[in-house]
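# Coordinates in review
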Amino acid sequence: MSAEVVLVRKGAYYDSVQLMRVSRALVDTPGVEAAMVAMATDLNVAVIRDLGFTVPEAGPGDLLIAVRAHDTRAAVAEADRQLTTLQRPGTATEQPPLTTGSAAARGPADLVLVSVPGEHAFCEAYDAVLAGLPVMIFSDGVPVAQERRLKELAEQRDVLVMGPDCGTASIAGVGLGFANVLAPGPVGVVAASGTGAQQVTSLLDWAGAGISHILGVGGRDLSAAVGGLSTLRALRMLDEDPATELIVLISKPPAHEVARLVEEAVAGLRTPVVSALLPADLTEAAEQALRTLGRPVPEWPSWPGALRETSGKTLKGVYAGGTLSLEAAALAGQGDFVDYGDDAYTRGRAHPMIDPTLRVEALSRARETDVVLMDVVLGHGADPDPAASLVPAIAHTPATVVVALVGTLGDPQDLHRQAAALRAAGAAVFLSNAQAARHARSLI
């Protein structure tokens, strides 16, 4: 007979992604029926209550351990063991810096990475820019007025602000955020889109064209409110970089007046630029880049899946990448598309490229859908084995599933192994999101 317990650990802060992995390991423990280890944010408390637990009084700085198991004492002991592996006590006796500004003053630094809740990101990024350091803001949920202020200050300090909500960057081969393993080469990327950059660079890598840098600027940079400030700076930086022979510019739909400013800036650069501003076809942009470099365009690989019987003409997009979702919706021309990487779904929980829960639930609800189109994104920072979580849901849905598998042969998840597992579950798999979308359209 099972029992349950909810423990509160006051002031015990852990990273949300690490706690998600602890929860997953605990759920997989024999004898455990339900478990969640998380900070006591409003969203996490609501999720734990939805699991049927009664949650004691706790604040967002407190840790919750909720377990339903045959032996709760053993389950809590396992949770504590998992948490102990996350602790990395320092050996230095010196007081660590308490602010980004004081850390920057202590020693040399080339870049500051900010990954804190969005309401706190501005202060840390502001400190970095004041110190004359470029900054990548992984955090989302930053007000657009604060983004504009940071980028105006960056112009004064002659540094680049990447983000907010910059999910992907690569500086001279060093990946930041969600990063694929890419060969070095002549193509520099300016991207107001994380998964858009991952799609284009993964295709270029497959074709043998390496990457010099990926400068992510945040999905709102080309909005009227921000004015393309980071995009214009990033273009100038790559134009001055001797390792960059071609620039690819990728963005979600820009404001008309900002697009015009960018076009004028591009016309004044020495380095050729391939623009892929949505609703552009990202695969066509990669092919144009290859032709500009004088390289052959390969046949993009695909792995055919099972075609299941359908009774209607319905299409559902279940995406982790916002740009990939927008591209697929435009090319499919119909259907209901959801970007589970949007701020509305990631506030207080891990991104769907890390935590598959929301998309697994969406697949389980796709009973009246004929075709499901989705992305699976590989690389450092992403789920170490996305197929392991998604394959059971794909196999059990009555819909025909089409997958855009975004990644490279160097990625730690093993692209071919992921493709084989997804195909074995019945999914049709494409390296190109555009080709996946067209295939899905052909099925309905």
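Refer to the structure above for everything that follows.
These lines cover the structure that appears in this document, whether it is placed above or below.

This next bit is on the overall build of the protein. Looking only at helices and strands, one finds 16 helices and 18 strands in the protein. Taking 444 residues into account, the globule formula puts the C-alpha radius of gyration at 22 Å, and the protein, at 23 Å, falls close to it. Relative to its full complement of 444 residues, the protein shows a buried share of 52%. Residue pairs at least 24 apart in sequence account for 74% of intrachain contacts in the protein once pairs closer than 6 positions are excluded. Carbon and sulfur atoms form 54% of the exposed surface of the protein, whose accessible area is close to 19300 Å².

Take the sheet that holds strand β7 (residues 168-171) next. Pairing is mixed across the open sheet formed by six strands, whose spatial order is β8-β7-β10-β9-β11-β12. Whereas interior strands pair on both sides, the edge strands pair on one side only; in this sheet they are β8 (174-177) and β12 (273-277). Direction aside, the axes of adjacent strands within the sheet are offset by 25 degrees on average. Taken together, the five bridges between strand β11 (residues 246-251) and β12 define a ladder with parallel strand orientation. Each bridged residue has a counterpart across the sheet, and for I250 the counterpart in β12 is A276. Against the sheet, helix α8 (residues 229-239) engages β9 (184-192), β10 (211-216) and β11, with an angle of about 170 degrees to β9.

Tallying each qualifying case throughout the model produces 16 salt bridges. Its salt-bridge partner being K151, residue D221 comes within 2.7 Å of it at the nearest N-O pair. Of this pair, D221 sits in the loop between β10 and α8 while K151 sits in helix α6 (residues 144-157); the two residues are 70 residues apart in sequence, bridging distant segments of the chain. Like D221, the residue K151 is buried in the burial classification. A salt bridge links R233 to D158, with the shortest nitrogen-to-oxygen separation between them at 2.7 Å. Separated by 75 residues along the polypeptide, R233 in helix α8 and D158 in the loop between α6 and β6 (161-162) bring together distant segments of the chain.

A word on the side chain of D241. Structurally, D241 can be placed in the loop between α8 and β11. Buried charged residue D241 carries no salt bridge. Nearest counter-charge: R270, at 10.0 Å. Within the structure, the side chain of D241 is placed 3.2 Å from the side chain of H213, a separation counted as a polar contact. A distance of 2.6 Å separates a polar atom in the side chain of D241 from a polar atom in the side chain of T244. Sequence-distant contacts of D241, that is, excluding residues within four places in its chain, are made with S212 and H213.

Glancing now at helix α10 (residues 282-292). Taken together, the buried positions of α10 are L282, T283, A285, A286, E287, A289 and L290. If you check the start of α10, you find a side-chain oxygen 2.9 Å away from the backbone N of T283, and it comes from D281. Looking one or two places after α10, you find G294, whose phi comes out positive at around 75 degrees.

Looking now at the nonpolar core. Ranked by internal contacts, the top residues of the largest apolar core, which has 76 residues, are L204, I250, L373, I394 and L422. Beyond its immediate stretch of four places on either side in the chain, L422 contacts V376, A387, V391, I394, V403, L405, A427 and V429. Judged by nonpolar contacts, the second largest core, of 23 residues, contains L176, I247, L249 and V273.

Turning to its location among the elements, L238 is positioned in helix α8. Taking the C-alpha atoms as reference points, L238 and T271, 33 residues apart in sequence, are found 8.3 Å from one another. Excluding residues that lie within four positions of it along the chain, L238 makes contacts with G188, V189, V190, H213, L215, T244, I247 and T271.

For the rest of this paragraph, the subject is the environment of W303. For W303, the position within the fold is in strand β13 (residues 302-303). With 127 residues separating them in the primary sequence, W303 and F430 have C-alpha atoms 6.4 Å apart. When neighbours within four sequence positions are excluded, W303 is seen to be in contact with L415, H416, A419, R423, A427, A428, V429 and L431.

One open sheet holds the three strands; their spatial order is β4-β5-β6, and the pairing between them is parallel. Only two strands of the sheet have a single partner each, and these edge strands are β4 (112-114) and β6. Two elements, β4 and strand β5 (residues 135-137), share three bridges in a ladder whose sense is parallel. Each bridged residue has a counterpart across the sheet, and for V114 the counterpart in β5 is I137. Together, β4, β5 and β6 form the strand contacts of helix α5 (residues 118-130), whose direction differs from that of β5 by roughly 170 degrees.

The next thing to look at is helix α13 (residues 357-364). All buried positions along α13 are accounted for by L358, R359, A362 and L363. Down the axis of α13, the buried side of the element spans an arc of 140 degrees, and every buried residue falls inside it. In this structure, the buried residues of α13 make contact with β14 (315-319), α12 (343-346), β16 (371-377) and α14 (386-396).

Criteria and cut-off values
- Residues numbered from 1 in each chain as written.
- Predicted model: local features only at pLDDT ≥ 70, side-chain atom pairs only at ≥ 80, totals over all residues.
- Heavy atoms only, no water.
- Helix = DSSP H or I, 4+ residues; strand = E, 2+ residues; numbered from the N terminus.
- Rg over C-alpha atoms; globule rule 2.2 N^0.38 Å.
- Buried < 20%, exposed > 50% of the residue type's maximum accessible area, 1.4 Å probe, protein only.
- Contact = heavy atoms within 4.5 Å.
- Areas by Shrake-Rupley, 256 points an atom, 1.4 Å probe, with all protein chains shown as cover.
- Pairing = 2+ DSSP bridges.
- Axes fitted to C-alpha atoms, helices over the stretch in contact; angles between N-to-C directions.
- Salt bridge = Lys/Arg side-chain N within 4 Å of Asp/Glu carboxyl O.
- Lys, Arg positive; Asp, Glu negative; His and termini not counted.
- Polar contact = N/O pair within 3.5 Å; in protein donor to acceptor, adjacent residues only side chain to side chain.
- Core = buried A, V, L, I, M, F, W, Y, C linked by side-chain atoms within 4.5 Å.
- Arc of directions from axis to C-beta.

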